[in-house]
Amino acid sequence: MEEGMAMKKGFWLGIGLTFFIAVIAKLATLLPYISLIGPLVFAILIGMLWNTFYPVRAEWEGGIEFASKKLLRAGIILLGMRLNLGDIASAGWPAFLWAVGSVLIGIGAVYGIARAIGADKTISFLTACGTGICGAAAIVAVASQVKAKPEQTAISVAIIAILGTLFTFVYTLVYPVLELSSRAFGMFAGGTLHEIAHVVAAGDVGGTEALDFALVVKLTRVMLLVFVAGGVGIWMSRKNKQSAEKFNLKTLPIPWFIFGFLAVSALYTTGIVPEAVASVFVTLAYLLMAMSMAGLGLNVKFEAFRSAGMKPFVAGLGGTVILVLVGYMYARFVL
């Protein structure tokens, strides 16, 4: 009886710890410049620092695991309140084609370079998905599909955070000499930067029109996470050589919560949800995802980065440079 009560208490203490870290991460990102990194990445870093200097207790692990897995899914579903499917349609084919192209180029370039230089395959694939799709959210969504270890996921998120922040600063500096219209710059930024926070920061430099188009392209990439995650699930099933009897919708490791994300997006698109209410849901989504990131960080120590080496970072950097060059040529000469 007492053991059960202790486990229950530990469960809630674990969740409480992730909530505490998520709040601290959010407060930290209210500071200038640090806001570019975003609360999700900060939550991972704080969690890692905590676990490095004050390892979590065994009885807290249940709550921490719940936060890192279940709350993540709930957060991604609620994030659908940020995606208006009508905006994607109104932006036209050039925006949609570039969003699709950026996903394919980002994933292909990073993973191709990683294989060429012999980088860790799992870390590289996660980094590739983060580069091509939507940063940390894409990484953690795909991580369960490829059965990535917590340290592999954390390293990939850290790489994306560094690269995204670096290129955001570069964009703000070189914008005056890029010779792109506001619309073209928005599509360029939205199709090449990693996190939504990075896109907002860079797109704002080009004005309201640039920011609007940047968000449309970026959120289109977010929507494409559904198809990438589903494709990875099918690929992993076939790779594991499942029998014909086992290969069905029940056993297929597709992240069904992504369809919840699309359903919520469709609801938001109808316009029946007031903007104030949608904003509350988006805020809650980021809180839940930050708690899940904190849970992820609490399972990792900084020593994990040593063993991974620099190769995954080099692959991420090289792939991002390729994506940026192609994106600039598209924005400059096609739009």
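For clarity, every value in this text was computed on a predicted model and none was experimentally measured. Note that residues are indexed from 1 along each chain, following the sequence as it is written. Only residues with pLDDT of at least 70 get local features here, since the model is predicted, and only at 80 or more are side-chain atom pairs given and counted; chain-wide, interface and lining totals rely on the full set of residues. Side-chain descriptors were evaluated using all non-hydrogen atoms of the structure, hydrogens and water having been removed beforehand.

1. What about the overall build of the protein chain?
Counted only if it meets this: A run of H or I in DSSP counts as a helix once it spans at least four residues, and a run of E counts as a strand once it spans at least two, with each numbered from the N terminus. A 1.4 Å probe rolled over the protein chains alone gives each residue an accessible area, and that area as a share of the maximum for its type sets the label: buried under 20%, exposed over 50%, partly exposed in between. Shrake-Rupley sampling with a 1.4 Å probe provides the accessible areas, and residues are treated as covered by the protein chains on show and by no other component.
Along its length, the protein chain carries 16 helices and zero strands. Looking at the protein chain residue by residue over its 335 residues, the buried ones come to 51%. Total accessible area computed for the protein chain in this model is approximately 15,500 Å², and 69% of it derives from carbon and sulfur atoms.

2. Remarks on the packing of aromatic side chains
By convention here, two paired aromatic rings are described through the distance between centres and the angle between planes. Rules: Two rings from Phe, Tyr or Trp (for Trp, the six-membered ring) form a pair when their centres are within 6.5 Å of each other. A pair whose planes differ by under 30 degrees is stacked, one over 60 is edge-to-face, and the rest are tilted.
Evaluated as defined, the whole model comprises ten aromatic pairs. Measuring from centroid to centroid gives 5.9 Å for Trp 50 and Tyr 54, while their planes differ by 75 degrees, and the two rings are edge-to-face. Plain terms: the ring middles of Tyr 111 and Phe 125 are 5.8 Å apart, the flat faces sit at 85 degrees to each other, and that makes the pair edge-to-face. Taken as a pair, Tyr 111 in helix α5 (residues 93-117) and Phe 125 in helix α6 (residues 121-132) lie far apart in primary sequence, 14 residues in all. Judged by its relative accessible area of 23%, Tyr 111 is partly exposed. An aromatic cluster is built from Tyr 171, Tyr 175, Phe 185, Phe 188 and Tyr 328, whose rings are joined through pairwise contacts.

3. Digging into helix α9 (residues 182-192)
Residue pairs three or four apart in sequence face the same way in an α-helix, which turns once every 3.6 residues. Here is the rule: Contacts: residue pairs with any heavy atoms within 4.5 Å of one another.
The buried fraction of α9 amounts to nine of the eleven residues, a majority that puts the element mostly inside the structure. Among all positions in α9, only Ala 184, Phe 185, Gly 186, Met 187, Phe 188, Ala 189, Gly 190, Gly 191 and Thr 192 are buried. At its buried positions, α9 is contacted by α5, α8 (150-174), α10 (196-203), α11 (208-223) and α16 (311-333).

4. Side note on the nonpolar core
The cut-off we apply is this: Throughout, nonpolar core names a set of buried Ala, Val, Leu, Ile, Met, Phe, Trp, Tyr and Cys residues whose side chains join them through atoms within 4.5 Å.
Counting 67 residues, the largest nonpolar core has Ile 133 and Val 142 as its most contacted members. If near-sequence neighbours (up to four positions away) are discounted, Ile 133 is found in contact with Val 103, Ile 107, Ala 138, His 194, Lys 218, Arg 221, Val 222, Leu 225 and Val 228. Residues Ile 123, Ile 155, Ala 184 and Ala 210 belong to the second largest nonpolar core, which totals 19 residues.

5. A word on a nonpolar patch on the surface
Here is the rule we go by: Candidate patch residues must exceed 30% relative accessible area and have no salt bridge, after which like charges are joined if within 9 Å and Val, Leu, Ile, Met, Phe, Trp or Tyr side chains if within 5 Å. For this document, the term salt bridge refers to a Lys or Arg side-chain nitrogen within 4 Å of an Asp or Glu carboxyl oxygen.
The grouping of Leu 166, Val 170, Leu 317, Val 321, Leu 325, Met 329, Phe 333 and Val 334 at the surface amounts to a nonpolar patch, some 720 Å² of accessible area in total. Listing elements by their share of the nonpolar patch, those giving two or more residues are α8 and α16. Looking at the nonpolar patch element by element, the count peaks at five residues for α16. Looking at the secondary structure, you find Phe 333 in helix α16. For Phe 333, a relative accessible area of 64% translates into the label exposed.

6. Topic: the environment of Gln 145
The residue Gln 145 is located in the loop between α7 (136-143) and α8 in this model. Judged by its relative accessible area of 6%, Gln 145 is buried. Sequence separation of Gln 145 and Gly 231 is 86 residues, and the distance between their C-alpha atoms is 9.8 Å.

7. Digging into the packing of α5 against α9
Packed helices, taken two at a time, are described by the angle their axes make and the gap between the axes. Heads up, the rule is: In this analysis an axis means a line fitted to C-alpha atoms, helices contributing only their contacting stretch, and an angle means the value between N-to-C directions, from 0 to 180 degrees. Throughout this description, any angle smaller than 35 degrees is read as roughly parallel, any larger than 145 degrees as roughly antiparallel, any in the 65 to 115 degree range as roughly perpendicular, and the remainder as oblique. Should the near helix be turned anticlockwise from the far one by less than a right angle, the crossing is termed left-handed; should it be turned clockwise, right-handed. Any residue outside Ala, Val, Leu, Ile, Met, Phe, Trp, Tyr, Cys, Pro, Asp, Glu, Lys and Arg is labelled polar, Gly included; the first ten of those are nonpolar and the last four are charged.
The geometry of α5 relative to α9 is characterised by a closest axis approach of 9 Å and an angle of 30 degrees between their N-to-C directions. In terms of their interaxial angle, α5 and α9 are classed as roughly parallel. Crossing of α5 against α9: the hand is right-handed. Here Ala 95, Trp 98 and Ser 102 of α5 lie close against α9, whose contacting residues are Met 187, Phe 188, Gly 191 and Thr 192. Among the residues making up the contact of α5 with α9, the classes are represented as four nonpolar, three polar and no charged.

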